[in-house]
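Here is how the chains run, residue by residue.
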Amino acid sequence: MIITDVRVKVFHTETRKHADSAGHAHPGPVHKVQMALLTVVAEDGTEGHCFSPPQIVRPHVIEKSVKTVLIGANAFDREKLWQGLAHWQRGSAAQLTDRTLAIVDCALWDLAGKALGLPVHKLIGAYRDKVPAYGSIMCGDELENGLATPEDYGRFAETLVKRGYKGIKLHTWMPPVSWSPNVKMDIKACAAVREAVGPDIDLMLDAYHWYSRTDALELGKGLEKLGFAWFEEPMDEASMSSYAWLSEQLSMPVLGPESASGKNFTRAEWIKHGACDILRTGVHDVGGITPALKTMRMAEGFGMNCEVHGNGAPNLIVTAVSNNCKWYERGLLHPFLEYDDGVDYLNSLPDPMDDDGYVHLSDRPGIGEDINFEHIDANLVS
Ligand SMILES: O=C(O)[C@H](O)[C@@H](O)[C@@H](O)C(=O)NO
Ligand SMILES: [Mg+2]
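Residues numbered from 1 in each chain as written. Chains lettered and ligands numbered in written order. Predicted model: local features only at pLDDT ≥ 70, side-chain atom pairs only at ≥ 80, totals over all residues. Heavy atoms only, no water.

**Q** Just checking my understanding: could you explain the coordination of the magnesium ion (ligand 2) for this structure?
**A** Expected angles at a metal are 109.5 degrees for tetrahedral coordination by four donors and either 90 or 180 degrees for octahedral coordination by six donors. Looking at the metal site, the magnesium ion (ligand 2) is ligated by D206 (OD), E232 (OE) and E258 (OE), spaced 2.0 to 2.1 Å from it. Read in sequence order, the donor residues coordinating the magnesium ion (ligand 2) give the pattern D-x25-E-x25-E. Taken together, the residues D206 in strand β6 (residues 202-206) and E258 in the loop between β8 (254-256) and α9 (263-272) connect sequence positions 52 residues apart. (Donors = N, O, S within 2.8 Å, 3.2 Å for Na, K, Ca; no water. Helix = DSSP H or I, 4+ residues; strand = E, 2+ residues; numbered from the N terminus.)

**Q** When you look at empty space enclosed by the protein in this model, what are you seeing that I'm missing?
**A** Within this structure, the stated rule accounts for 1 cavity of 30 Å³ or more. By volume, the largest cavity is sized at about 70 Å³. If you go around the largest cavity, the residues you meet are P119, V120, H121, A313, L316, I317, P350, L361, S362, G366, I367 and G368. When residues of the lining of the largest cavity are traced back to their parent elements, those giving at least two are α4 (120-124) and α12 (313-320). It is α12 that provides the largest number of residues to the lining of the largest cavity, a total of 3 residues. Its residues placed into classes, the lining of the largest cavity shows 8 nonpolar, 4 polar and no charged. (1 Å grid on protein atoms, 1.4 Å probe; cavity = no way out; pocket = protein on both sides within 12 Å on 5 of 7 lines; lining within 4 Å. Points joined across faces, edges and corners; volume = space filled by probe spheres on them. Nonpolar A, V, L, I, M, F, W, Y, C, P; charged D, E, K, R; others polar.)

**Q** Any chance you could explain a nonpolar patch on the surface here in plain terms?
**A** Among the surface-exposed residues, F76, L116 and L118 lie close enough to one another that they form a single nonpolar patch of about 240 Å² accessible area. Positionally, L116 belongs in helix α3 (residues 98-116). (Patch = residues over 30% accessible without salt bridge, like charges linked within 9 Å, V, L, I, M, F, W, Y side chains within 5 Å. Areas by Shrake-Rupley, 256 points an atom, 1.4 Å probe, with all protein chains shown as cover. Salt bridge = Lys/Arg side-chain N within 4 Å of Asp/Glu carboxyl O.)

**Q** Where do I start with the site of ligand 1 in this structure?
**A** The full set of residues close to ligand 1 is H24, K169, H171, D206, H209, E232, E258, R280, H309, E329 and L332. H24 is positioned with one of its side-chain polar atoms (N or O) 3.1 Å from an oxygen atom of ligand 1. Between ligand 1 and the protein, one listed contact pairs an oxygen atom with a side-chain N or O atom of H209 at 3.2 Å. Bound to the protein, ligand 1 loses 81% of the 320 Å² it would expose on its own. Counting residues per element, the ones that place at least two in the shell around ligand 1 are β5 (167-171) and β11 (328-333). Looking at the shell around ligand 1 residue by residue, the classes come out as 1 nonpolar, 4 polar and 6 charged. (Near = heavy atom within 4 Å. Polar contact = N/O pair within 3.5 Å; in protein donor to acceptor, adjacent residues only side chain to side chain.)

Here you go:
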């Protein structure tokens, strides 16, 4: 199954999500943004696809490194191709990132599934066909009746429980919100949610990512009193020793790393140094499904759970093939947005959730996305 081409289509899609100056998503008016579809083509015409922000699969990266490694190689040699791309990174002047590796790796898994007529979670070896989801709420804002007050969070949490979620994660207020970050307000929002949903819903907090050790400790102590299930990214994850210190100080689980670079290797160090109680991986954070599986299996060997960062078909697959991962992160959610409306370049949701809060895996061959090729071809940018 020799790879003969790697193609990228850039197209317009409409969204109501807007990124703030710190890169966090918030709701706003409908606007057009660009999205890309990377396609790996095999000699028999089989195609593997993965969606990506256009800059991650820009021509320089595809022509200089991705095509150099992939063209002429066997499409089923995913480990060899992933290692080849990873070794290209060192000499790429930081142009070839883990995000690009992730897109290529997912497209290769998609191609393998389509070639063999199997959903990827079955190809890997499924543990389950449905996964409980937690509702992952957007960062706080200053929008009236949005996520501007602790009461707003409480009200929204009630609607999420009615929708079927059995777990809820808050992202609280972060700059550019004028008065944030604020530990006491974070605790008030978490208390309002606990009050609104009662004791049987799992609650988690993904906090401002640059608190000091003492601020993070004050916040963590507050979460302990509220019975939160985990405490996520309250400090700069580059300081692994701060996380080892915080994990020692708190009885509640500390989870990470999400955004730290270094793929599964960094996550091995976090386990070795006791920097977290629950490990974290994510297809787009560690460079693909391939290294996300390595991280998940490594955690299992230490008796640790490993929670997957982010929504989407590839992340859902990693949760479905693992017995040491409790949740699928479904989001990001906001009172002003209807997550179940999906996106215009997919004909159906990649993560449909039933009324009991379970997300069901697709039995479609490949990673399971129901791509709207007509939309893509009718809205091409390049
Ligand atoms: O920092 C962000 O942009 C959001 O928190 C985002 O990454 C969110 O998906 C997250 O952290 N989930 O855990
Ligand atoms: Mg997070």
